[in-house]
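Chains, contacts and geometry: an overview
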Amino acid sequence: MPRPLENRAVPPASDFQPLPQSFYEPSAAKVAPALLGHFLIRRTPQGICGGAIVETEAYLTDDPACHGYGRQTPRNRVMYGPPGRAYVYFIYGNHWCFNTVCAREGIAEAVLVRAIEPSFGKELMLAARPVQSELDLSNGPAKFCQAMGIDRTFDGVDLTDPDSPIIVARNLRKTQFCKERAPLITTTRIGITKASGLPLRFYLAGSAFVSRRSRQAEKQIV
DNA sequence: TAAGTGATGCAT
DNA sequence: TGCATCACTTAA
């Protein structure tokens, strides 16, 4: 029986410096690739867990696939708010997905985090998501949310506040991390029907924790 | 490849 | 109020 992580915050983890709000102010199309290699960290009473982001997708204003497309609703509310917040939504009756809100207040853009490499608190994540292979722990948008105990209660949390239960922290070795997992692939987004041809998915092809490989339409940025 | 799951939001 | 749709996962 999976044991969900407690949804309470703990004192600051001073080892981790959250990325500042200015990091999220550009369009999600810029932020999504820039996020690769930085750390998604969950702070719980039992300790921290999380790891480096290796796969993202951008959802833009005027993008029919974006949950914020059209107008503000109860669900997409935080996407319209200030950048640097978490947008967490429920999908397919079972799963949670985690986004970082981008662009200035009033512009609904976000980056869907699709996969992380489990680097910290692996035992906490395995307790919340028991899997045979570590490779299945966090190689999908709903998988790492289950492993890290991310659900609706975190919708809207400030990812730039060191006291938050979820932060995105700077990886001082990001350049090296990405180089070791090159190339950086830009391709089309997964699981959508609207605007499905846009090149707004980004992943480090050298990481074993990417959710799915693209067969074609790959473009290297390195 | 397909079923399961339930909230969401638009159509009625 | 009804119902198609859905940024997924798992078991086949």
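Above: the structure in question.
Parameters and conventions
- Residues numbered from 1 in each chain as written.
- Chains lettered and ligands numbered in written order.
- Predicted model: local features only at pLDDT ≥ 70, side-chain atom pairs only at ≥ 80, totals over all residues.
- Heavy atoms only, no water.
- Buried < 20%, exposed > 50% of the residue type's maximum accessible area, 1.4 Å probe, protein only.
- Helix = DSSP H or I, 4+ residues; strand = E, 2+ residues; numbered from the N terminus.
- Contact = heavy atoms within 4.5 Å.
- Phe/Tyr/Trp six-rings, centres within 6.5 Å; stacked < 30°, edge-to-face > 60°.
- Lys NZ or Arg CZ within 6 Å of the ring centre and 35° of its normal.
- Pairing = 2+ DSSP bridges.
- Near = heavy atom within 4 Å.
- Polar contact = N/O pair within 3.5 Å; in protein donor to acceptor, adjacent residues only side chain to side chain.
- 1 Å grid on protein atoms, 1.4 Å probe; cavity = no way out; pocket = protein on both sides within 12 Å on 5 of 7 lines; lining within 4 Å.
- Points joined across faces, edges and corners; volume = space filled by probe spheres on them.
- Nonpolar A, V, L, I, M, F, W, Y, C, P; charged D, E, K, R; others polar.

Among the residues making up helix α1 (residues 28–35), those that are buried are Ala 28, Val 31, Ala 32, Pro 33 and Leu 35. Looking at the buried positions of α1, the neighbouring elements they touch are β2 (47–59), β4 (95–102), β5 (109–120), β6 (166–169), α4 (174–180) and β8 (201–204). Positive backbone phi, approximately 100 degrees, marks Gly 37, located one or two places after α1.

This brings us to the packing of aromatic side chains. Taken as a whole, this structure holds six aromatic pairs when the rule is applied. The interplanar angle of 70 degrees and the centroid separation of 5.2 Å between the aromatic rings of Phe 16 and Phe 120 together place this pair among those described as edge-to-face. Here Phe 120 lies in strand β5 and Phe 16 lies in the segment before α1, a separation of 104 residues in the sequence. Both rings, one in Phe 90 and one in Trp 96, keep their centres 4.8 Å apart while their planes meet at 45 degrees; by these two values the pair is tilted. Counting every residue linked through ring pairs, the aromatic cluster contains Phe 16, Phe 39 and Phe 120. The ring of Phe 177 carries Arg 181 above its face, with NZ or CZ at 3.7 Å from the centroid.

Glancing now at the pairing of strand β7 (residues 184–187). Burial along β7 is two-sided: Leu 184 and Thr 186 and Ile 185 and Thr 187, pointing in opposite directions, are all buried. By the bridge criterion, four bridges tie β7 to β8 in an arrangement that is antiparallel. Its bridge partner lying in β8, Thr 187 is registered against Arg 201.

Around DNA strand C, the structure places 21 residues, and the nearest of them are His 67, Tyr 89, Asn 99, Arg 129 and Ala 142. Between a base nitrogen of DNA strand C and a main-chain N or O atom of Ala 65, the distance comes to 3.2 Å. Note that a base oxygen of DNA strand C is positioned 2.9 Å from one of the side-chain N or O atoms of His 95. Contributing elements (two or more residues each) for the surface near DNA strand C: β3 (86–91), β4, β5 and α3 (141–148).

The space that makes up the largest pocket amounts to roughly 1,000 Å³. Taken together, 44 residues make up the lining of the largest pocket; nearest its centre are Tyr 89, Ile 91, Tyr 92, His 95 and Cys 97. Residue assignment for the lining of the largest pocket shows that the elements contributing at least two residues are β2, β3, β4, β5 and α3. When residues in the lining of the largest pocket are grouped by element, the largest group, five residues, is from α3. Grouping the constituent residues of the lining of the largest pocket by class yields 23 nonpolar, 12 polar and nine charged.

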